[in-house]
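Close look at the chain arrangement
What follows is each chain in one-letter form.
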Amino acid sequence: MTHKFDFLVIGSGIAGMSFALKVADRGKVAIVSKNELEDTNTFYAQGGIASVTNSTDNFEKHIEDTLNCGDGLCVNAVVERVVREAPAQIKELVDWGVKFDTDSRGSFDLHKEGGHSEHRILHHKDSTGAEIQKSLIKAVKNHPNISVFENNFAIEIITQHHLGQKVTRQTPVIECYGAYILDEKTNYIHTFLSKITLIATGGIGTIYQTTTNPMIATGDGIAMVYRAKGTVRDMEFVQFHPTALYNPNERPSFLITEAMRGYGAVLRTKNGKEFMHKYDDRKSLAPRDIVARAIDNEMKNRGDEHVYLDVTHKDAEETKKHFPNIYQKCLDFGIDITKEYIPVAPAAHFLCGGIEVDKDARSSIHRLYAAGECTYTGLHGANRLASNSLLEAIVYADAAAKHAENEIEKLKHQENIPNWNDEGTSLPEEMILITQSEREVNFVMSSYVGIVRSNLRLKRAYDRLEILYQETESLFQRSVVSKQICELRNIINVGYLVITQAMQRKESRGLHYNIDYPEKNKL
Ligand code: FAD
Ligand code: SIN
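Analysis parameters
- Residues numbered from 1 in each chain as written.
- Chains lettered and ligands numbered in written order.
- Predicted model: local features only at pLDDT ≥ 70, side-chain atom pairs only at ≥ 80, totals over all residues.
- Heavy atoms only, no water.
- Buried < 20%, exposed > 50% of the residue type's maximum accessible area, 1.4 Å probe, protein only.
- Helix = DSSP H or I, 4+ residues; strand = E, 2+ residues; numbered from the N terminus.
- Pairing = 2+ DSSP bridges.
- Contact = heavy atoms within 4.5 Å.
- Phe/Tyr/Trp six-rings, centres within 6.5 Å; stacked < 30°, edge-to-face > 60°.
- Lys NZ or Arg CZ within 6 Å of the ring centre and 35° of its normal.
- Right-handed = clockwise from strand over helix to strand, strands pointing away.

Counting buried positions along strand β13 (residues 342-351) gives 10 out of 10 residues, so the element sits mostly inside the fold. Summarising the sheet, strand β10 (residues 238-245) and β13 pair through six bridges and their orientation is antiparallel. Each residue of the ladder has a partner; that of H241, found in β13, is A347. Where strand β12 (residues 307-310) lies against β13, three bridges are found, and the strand directions are antiparallel. Looking at β13, one finds that L309 is bridged to I342.

Tracing the chain through its elements places A179 in strand β7 (residues 178-183). The residues touching A179, leaving out its near neighbours within four places in the chain, are L8, I10, E156, I157, I158, H190, T191 and F192.

Looking at the element boundaries, I155 is found in strand β6 (residues 152-158). Linking I155 and I181, residues 26 residues apart in sequence, is a C-alpha distance of 5.8 Å. For I155, the residues in contact, after removing those within four places along its chain, are Y180, L182, I189, M224, R227, W420, V481 and C486.

A separate point is the packing of aromatic side chains. Per the stated rule, a full pass over the model turns up 12 aromatic pairs. Measuring from ring centre to ring centre gives 6.0 Å for F43 and Y44, while their planes differ by 75°; the resulting arrangement is edge-to-face. Residue Y44 is classed as partly exposed on the basis of its relative accessible area of 41%. Measuring from ring centre to ring centre gives 5.2 Å for Y208 and F240, while their planes differ by 75°; the resulting arrangement is edge-to-face. Taken together, the positions of Y208 in the loop between β8 (188-199) and α6 (220-227) and F240 in strand β10 put the pair 32 residues apart, joining distant regions of the chain. On the basis of relative accessible area, Y208 is assigned to the buried category, the value being 1%. We classify F240 as buried; its relative accessible area is 10%. Chaining the aromatic ring pairs together yields one cluster made of F5, F149 and F192. Directly above the aromatic system of F350 lies the positively charged group of R384, at a separation of 4.0 Å from the ring centroid. Positioned above the aromatic ring of F476 is the side chain of R489, whose terminal nitrogen or guanidinium carbon lies 3.8 Å from the ring centre.

The alternating pattern of strand β2 (residues 29-32) places V29 and I31 and A30 and V32 on opposite faces, both of which are buried. Bridge analysis of strand β1 (residues 2-10) against β2 gives four bridges, and the strand direction is parallel. Note that in β2 the partner of L8 across the bridge is A30. As a crossover connection, the stretch from β1 through helix α1 (residues 14-23) into β2 is right-handed. Relative to strand β5 (residues 146-149), β2 is paired through four bridges, and the arrangement is parallel. Counted as the bridge partner of I31 is V148 from β5.

Following this line, the structure appears as structure tokens:
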């Protein structure tokens with residue numbers, strides 16, 4: 001069946017939902033989400049959203065902190081724009097019903113996180129993402145022009161390729177006409193035609209064994225755009241969060257927010273000794289790349305599987321008030337954080353690179369915009385400053401909406417798009433072929449493409465992934481399409497992009513550390 005919408009939004013996190021709300025007065029919008037609407041990275045965000053909101057802080061400081069963290073690769077104009085637009089975008093979130101914590105005088109209660117020179121993180125206790133997600137869902141459900149398709153999985157974006165034309169990376173104008181979407185309830189693949197499509201599919205954390213990301217983070221949008229010959233860049237810059245709760249039986253790993261270190265928590269090795277002073281003057285509050293590498297180094301040197309985060313010296317009631325979810329979660333796990341150290345280890349958390357977009361959030365494919373974690377905008381450079389990603393998502397969703405609104409009148413739906421072709425396919429023989437390959441991807445990425453890399457490890461990862469790629473493509477060609485096989489294909493595609501782009505970077509910078517090139521190149 002063919003559905004026609006003015007705007008097709010793939011993804012129901014902060015990027016997709018805020019874009020949908022902004023364009024919905026200009027046309028019919030479809031939001032497609034592969035699980036329930038709230039199953040997003042956005043929902044899990046703890047620390048909050050960075051913005052200059054008080055007089056001790058200023059834009060210059062937020063800009064400087066972002067640039068310092070990005071280790072020379074941020075695009076200055078992008079940083080400047082995002083930081084300056086932050087207060088206006090925060091106001092829109094508040095208008096949609098998001099409640100940020102305030103102090104007794106009614107000003108925002110601001111947290112501090114690694115790499116920030118000021119307290120500037122707006123938050124809702126330690127569950128900011130859930131508060132944002134719930135408010136946006138409410139606003140979306142109340143808008144008559146927005147149709148929501150939950151449990152609908154985007155398989156491929158539709159381009160001239162589907163009209164039988166040859167499309168290569170050299171094709172001067174590639175156009176997006178919509179996407180093929182698998183309805184998981186009926187197993188039917190629908191053709192969604194749109195005048196404008198927004199990819200807002202989030203990150204890639206699940207390509208690693210240990211990640212803070214929910215299981216939706218399989219890099220689908222990035223893989224789809226790459227297969228459609230769009231531009232994807234800076235994939236080597238994968239951010240590992242230093243402090244995920246150490247529990248090998250839990251996937252995703254539960255995050256212990258960096259705001260806890262901003263509040264005064266300190267890192268200790270298993271014998272109770274502080275160690276961050278050996279690595280950086282800012283100690284436990286250094287930027288994430290430095291802290292994650294320091295923890296990794298201490299764990300490897302000592303043969304330990306985790307370090308500790310210690311917040312026991314802080315006032316117990318204050319700790320419970322600021323971090324109620326973390327307190328409860330750890331208590332359920334058998335740890336009273338007001339009295340005992342928290343076992344933590346780094347986990348894959350965020351992707352700085354992705355689909356390259358311009359200042360209007362346009363990808364290299366016409367009629368295709370992208371926003372949020374699936375994109376490369378130039379904001380993060382080689383390392384993202386904490387709590388700058390929710391901000392990037394709303395600023396770029398806004399940019400996309402403003403540009404798309406002006407384009408929509410000029411565009412028509414493409415005719416003659418064929419239905420999804422599943423000739424010659426049958427149900428996959430054995431699910432184990434898929435689940436085992438997923439585990440192998442996780443193993444390869446975590447063993448060879450983690451916090452510390454080397455030429456040998458990257459080459460080994462490349463060779464292993466090549467075998468998995470060949471096997472999976474062959475399985476995909478002969479199988480009836482399912483979400484599972486598509487996600488496997490996608491994690492292999494994005495894993496390949498991380499590895500190959502890491503191989504091309506012959507230096508160590510920000511989140512990419514290669515022991516064969518420990519120095520930075522001159523910029
Ligand atoms: P997401 O919120 O991940 O949404 C992606 C959407 O795409 C989902 O709806 C998913 O179902 C859908 N989707 C994906 N593939 C398909 C497909 N094939 N078909 C259909 N739908 C699809 N950032 C901060 O700035 N501050 C924080 O405090 C913070 N804390 C974090 C804590 C945790 C535990 C995690 C995991 C991340 C945190 N981040 C934080 C990062 C931030 O949450 C994310 O970068 C941001 O929410 C991404 O938003 P998004 O809209 O781009 O994607
Ligand atoms: C955290 O709360 O530590 C996560 C913040 C972020 O990823 O920006």
